[in-house]
Each structure stands twice: as C-alpha cells, then as structure tokens.
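Survey of secondary and tertiary structure
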Amino acid sequence: MKVYEKAPAKINLMLDVLRKREDGYHEVEMVMTMVDLADRLEMEELPRDTIIISSQAGYIPLDEKNLAFQAAKLIKERYQVKQGVYIHLDKKIPVAAGLAGGSSDAAAALRGLNRLWGLNIPESELLTLGAELGSDVPFCVTGGTAIATGRGEKLEHIINPPQCWVVLAKPPINVSTADVYGRLRANEIKAHPSASAMKEAIEAQSFTDICDHLGNVLEDVTLPLHPEVQQLKEAMIRLGADGVLMSGSGPTVFGLVSKESKIARIYNGLRGFCKEVYAVRMLT
C-alpha cells in the first residue's frame, strides 16, 4: 500500500512578535495562509523496523535532521508502530526560505502515516504531535487560513482570503530563523502590524485592505542583514505587485497580484534578480 500527501507552502500575511518568553521562544501573532506551491510525499510500508527517506533534491538532509524523518520517528515511538516506512520526498518548496517547507513535510508525514498504519489519530492529537516538531507544524497539519498565537501553535481558523495570484521570489541566500529571532529585540519594535485588521480585511474579502495591512516585524532584522531582500521587495513593487512582504524570517519575498495580466511582467522582471521565482495561486 502507498499513501500520497501534498505539503503546500505557507506565507505570513502578517507577523508580529509581542515579547520574548521565559522558555526562550517568542510570543507571536501571525496570520498564515497556504499557496499552491507544494512538496509531495509518497509513503510505503516496509517490513523491517526502519525509516528511509529519499528525495530528488540533493541539498536536503535525509536523516534525523529531516523534519519528515522526525515526524515518522515520533509517530512510531508514540504509538508503538513496529513496521518501517519508505518516504520519497518530491521537493518543490525552496529550503530555508520562510515558506515552512520542512514543517509542511512533517505535517504531511503525520497525516500520511496516520492513514498508512490505520492509527485513527484524531486531528487534535496530530496538532499536539506537530507542536513537538516545530512551531509551524500544527498550522501545516490543518492548512487553510489561521491566526496563530503563542509560539505559533495556537490556531484560530478563519475564512480564506479572496483568490489572487502570488509571486514568490527567493534570493540565492539562506536565512536561519533562529538567528533572526536571536537578533530581534521585541521591546524595540516601533510599528506592530494588526492581526485583527487583517482578519477584518479577509472576512470582508477586500483584496485592497489585505494588501494595506501586510506587515512583518522580522523585516527589521533580515533586511539590514541581507540588502538583496530589500532590493527584491523594491523590484516587486516597481514591477506592479499590489502588496509585497517578506514571508516568515525570509529571505523569500511574496507579492499579491489581483490581475493575471501583470504576472508575466513581474515574473520575468524578477528572474533578473534571482532564479527561484514562482507564480502560483492562493489556496482557497
């Protein structure tokens, strides 16, 4: 038996950091949604008690450093599963890009192995398992659009934004999320984006208001460290994207675009800055 799961990328329509917590994590408030750029996982049971991961991408770890591997190990240990699994990871989401590719792979592994092994784990338990693997994993388990609080694991699901195009561009650098948060001084943040304003804009299905309320406080750290991210933002605005923001800790920048007629110009213009450019739809 084989099981297939899709692992879509997420973008942050807004990301705010409220304070640093005593446990070392940051208290965040984010509005996240998913786009139609996805990894795909193929899972097949093995008779011997082992986890094997393969991928066509030559640049990702295939051992315990891989979040899908960690998800398989966690579910096997927690539910005393003695069968092994072979997971093939067809990687399309850029790595270390602020798009939660690894988290989405882990979430897809949890969902897929739950089906493959007939474990009947309720979604609430999958969310708890996901939170053990990483802050973005619970959101990726459920997908959709949500306001995330705590360290990202507390979710309030809301309706999806109106359908639009999303252009994603990742410069040829990798950004460490831990490094960005480590450099952030939460008490020095001058302008905080509003989750409630973004929620209202989405509920009103107002594309203009959504673009007006985009915001990400991590830009204050990543942009000075990596000027090419700032240049990419400016290029995307100049080329006609309606709303532009860095996703997560970066370095990927996304542009929301209402008119399909603009896409070719923006896409081709950004290819002059970087090779990894994608024009996809919002998942609604």
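Let us look at the structure shown here. (Residues numbered from 1 in each chain as written. Predicted model: local features only at pLDDT ≥ 70, side-chain atom pairs only at ≥ 80, totals over all residues. Heavy atoms only, no water.)

1. Notes on the environment of Gly101
In this structure, Gly101 sits in helix α2 (residues 101–116). Gly101 sits in the buried class, given a relative accessible area of 7%. Linking Gly101 and Ala38, residues 63 residues apart in sequence, is a C-alpha distance of 8.1 Å. (Helix = DSSP H or I, 4+ residues; strand = E, 2+ residues; numbered from the N terminus. Buried < 20%, exposed > 50% of the residue type's maximum accessible area, 1.4 Å probe, protein only.)

2. Section: the packing of helix α9 (residues 227–238) against helix α10 (residues 263–270)
Across the interface, α9 lies against α10 with an axial gap of 9 Å and an inter-helix angle of 150°. On the basis of the axis angle, α9 is roughly antiparallel to α10. For the pair α9 and α10, the sense of crossing is right-handed. Side by side, α9 and α10 meet where Leu232, Ala235, Met236 and Arg238 of the first sit next to Arg265, Ile266 and Leu270 of the second. (Axes fitted to C-alpha atoms, helices over the stretch in contact; angles between N-to-C directions. Parallel < 35°, antiparallel > 145°, perpendicular 65-115°, else oblique. Left-handed = near helix turned anticlockwise from the far one by under 90°. Contact = heavy atoms within 4.5 Å.)

3. Points about the sheet that holds strand β7 (residues 165–170)
Spatially, the four strands line up as an open sheet ordered β9-β10-β7-β11, and their pairing is antiparallel. What marks the edges here is a single partner per strand, and that holds for β9 (243–246) and β11 (276–281). Direction aside, the axes of adjacent strands within the sheet are offset by 20° on average. Strand direction decides the pairing type here: β9 and strand β10 (residues 253–257), joined by four bridges, are antiparallel. Across the sheet, Met246 pairs through a bridge with Val253, a residue of β10. (Pairing = 2+ DSSP bridges.)

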